[in-house]
Amino acid sequence: MMNPLFAMRCKLTTRRLQRYLDMDPDALLSEKELAQVRSHLVECERCTKSVDDYRRMNSALRRFGDAQQPDDLSVARLKAVLGDLNPRDL
Amino acid sequence: MIFPSDRVTPGKRSLGSNGDETMTVGSVNVALIGADADGGDRARGFREFVEPEIPVLLRVAQGLTGSKPDAEDLVQETLIRAFKAIDQFDGAYARAWLLTILRNTNINMNRRQRPILLEDGLVWDSATPAFGTGHEASAEETAIDRSFSLEIQRGLKELDPRFREALILIDVQGLNYAECASVLGVPVGTVMSRLSRARKRLREYLVNTSALEGHSK
């Protein structure tokens with residue numbers, strides 16, 4: 001059975017895990033938080049496995065995105081629209 | 001950066017050498033719209049920071065409309081509206097600003113709101129190597145990749161549409177939290193909550209189907 005203190009720390013880290021993985025500009029971890037997460041990952045096999053799984057999922061999902069590139073002709077037509085924009089029409 | 005990302009760097013404003021306000025978007029420095037630029041500069045500046053965003057706008061529009069022709073129409077209308085509204089642009093977060101206009105334009109065009117979905121039948125090219133490896137994929141690795149791809153698509157369909165949308169916009173289409181919030185019309189905190197739940201549930205699905213066990217790193 002998991003040590004209750006350890007379980008609490010795990011929960012705390014899990015809530016920060018997505019922010020740690022994304023490093024999104026709107027939700028960056030502080031240096032202190034970052035150090036806590038890294039330190040926790042060193043000692044927690046379960047969270048390390050979670051991070052590994054999320055990275056695999058992210059890689060796979062990114063590849064879906066790569067396969068969904070828009071049609072070159074559509075992009076070219078829309079660039080032409082941009083080229084035709086005229087301030088006098090405003 | 002832990003996840004690979006092509007996420008946009010927010011625009012930064014500064015004063016140019018002639019004293020005019022300028023804006024940096026990515027590697028492009030343009031005369032800020034609304035400064036004393038003439039009409040030609042206005043159109044040129046607009047093109048410089050909007051043109052690189054067209055592929056992203058098209059991908060998101062396709063998710064919103066479910067149709068390539070409709071997506072192109074929507075982006076075209078978005079570009080025109082953005083050009084007309086350029087004076088309201090504050091010089092930061094160009095992509096998020098455009099995505100907000102895209103979302104509102106879609107609503108104003110009275111389109112039926114539909115959940116954002118992944119295209120059906122997406123399976124990556126068998127020549128693409130397995131995650132992070134530089135070698136050519138073996139037949140076994142390719143089979144595992146395809147199987148994993150199918151399980152992810154099944155898992156996505158099991159998710160609550162609100163959670164799925166956040167996950168597709170961020171993990172598939174590469175938006176950041178603020179950009180995703182612009183598309184969905186919700187606060188960034190809501191995006192983070194939905195994304196976290198979506199990933200957790202998708203992972204649980206993949207664990208339950210043993211898909212993660214069989215997939216190579």
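Residues numbered from 1 in each chain as written. Chains lettered and ligands numbered in written order. Predicted model: local features only at pLDDT ≥ 70, side-chain atom pairs only at ≥ 80, totals over all residues.

**Things to note about the overall build of chain A**
Which entries qualify depends on this criterion: Helix and strand labels come from DSSP, where a helix needs a run of H or I of at least four residues and a strand needs a run of E of at least two; each type is numbered from the N terminus. Three exposure classes are used. Buried residues have 20 or more other C-beta atoms within 10 Å of their own C-beta, exposed residues have 12 or fewer, and partly exposed residues fall in between, all C-beta atoms being placed from the backbone.
A count of helices and strands for chain A gives four helices and zero strands. Reading chain A from its N end, one meets helices and strands in the order α-α-α-α. The buried share of chain A, reckoned over its 90 residues, is 21%.

**A short note on the overall build of chain B**
To keep things clear, this is the line we draw: C-beta atoms are placed from the backbone for every residue, and two residues are taken to be in contact when these atoms lie within 7 Å.
Tallying secondary structure elements over chain B gives nine helices and three strands in all. The secondary structure elements of chain B, listed N-terminal to C-terminal, are β-β-β-α-α-α-α-α-α-α-α-α. A buried classification covers 41% of the 217 residues belonging to chain B. A separation threshold of at least 6 residues defines the contact pool for chain B, and within that pool the share at least 24 residues apart is 58%.

**Thoughts on unusual backbone geometry**
The phi dihedral of M23 of chain A falls on the positive side, at around 50 degrees, and the residue is not glycine. Along the chain, the position of M23 of chain A falls in the loop between α1 (4-22) and α2 (31-43). Taking the number of C-beta atoms within 10 Å as the measure of exposure, M23 of chain A has 16 and is therefore partly exposed. Look at S210 of chain B: it is not a glycine, yet its phi comes out positive at around 60 degrees. Mapped onto the elements, S210 of chain B comes out in the loop between α8 (188-208) and α9 (211-214). Using a count of 10 C-beta atoms within 10 Å as the deciding quantity, one classes S210 of chain B as exposed.

**Focus on the nonpolar core**
Residue and element names in this part refer to chain B. The condition is simple: Residues of type Ala, Val, Leu, Ile, Met, Phe, Trp, Tyr and Cys that are buried and joined through C-beta atoms within 7 Å form what is called a nonpolar core. Domain limits in this description derive from either an automatic procedure or a database domain assignment.
Judged by nonpolar contacts, the single largest core of 56 residues is most densely connected at L57, A61, V75, L98, A166 and C180. Summarising the domain contributions, this core has at least three residues from each of domain 1 (12-108) and domain 2 (139-214). When sequence neighbours within four positions are dropped, the list of residues in contact with A61 reads A71, L74, V75 and L102.

**What about the domain arrangement of chain B?**
All names here are of chain B. Spelled out, the test is: In this count, Pro and Cys sit with the nonpolar residues alongside Ala, Val, Leu, Ile, Met, Phe, Trp and Tyr, while Asp, Glu, Lys and Arg are called charged and the others, Gly among them, polar.
Per the domain assignment, the segments making up chain B are domain 1 (12-108) and domain 2 (139-214). Counting residues at the interface gives nine residues for domain 1 and seven residues for domain 2. Elements represented by at least two residues in the side of domain 1 that touches domain 2 include exactly α2 (54-65) and α4 (94-108). Sorting elements by how many residues they give to the side of domain 1 that touches domain 2 places α4 first, with five residues. Residue composition of the side of domain 1 that touches domain 2, by class: four nonpolar, two polar and three charged.

**Brief notes about the interface of chain B and chain A**
Interface size is often expressed as the accessible area that is lost when the parts come together. Between chain B and chain A, the contact holds 49 residues from the first and 39 residues from the second. Listing elements by their share of the side of chain B that touches chain A, those giving two or more residues are α1 (39-50), α2, α3 (68-84), α5 (139-158), α6 (161-172), α7 (177-184) and α8 of chain B. Broken down by class, the residue content of the side of chain B that touches chain A amounts to 28 nonpolar, nine polar and twelve charged.

**Points about the confidence of the model for chain A**
Quick note on the threshold: The predictor reports its confidence for every residue as pLDDT, a score running from 0 up to 100.
Averaged over all residues, the pLDDT of chain A is 84; the fraction at 70 or higher stands at 82%. For chain A, per-element mean pLDDT is lowest for α1 of chain A, which scores 69, and highest for helix α4 (residues 72-84) of chain A, which scores 93.

**Things to note about the environment of G83 of chain A**
Of note, G83 of chain A is situated in helix α4. Residues G83 of chain A and V51 of chain A lie 32 residues apart in sequence; the distance between their C-alpha atoms is 45 Å.

**Section: the environment of L41 of chain A**
Residues and elements named next belong to chain A. Structurally, the position occupied by L41 is in helix α2. Taking C-alpha positions, L41 is 9.5 Å from C10, a pair spaced 31 residues apart along the chain. Those residues in contact with L41 that lie beyond four places of it in its chain are C47, T48 and V51.

**As for α8 of chain B**
All names here are of chain B. Rules: Helices are assigned an expected span. That span is 1.5 Å times one less than the residue count.
The end-to-end C-alpha separation of α8 is 30 Å, in line with the 30 Å expected for 21 residues at 1.5 Å each. If you check which residues of α8 are buried, you get V191, M192, R194, L195, A198, R199, L202 and L206. S210, located one to two residues past α8, shows a positive phi value of around 60 degrees.

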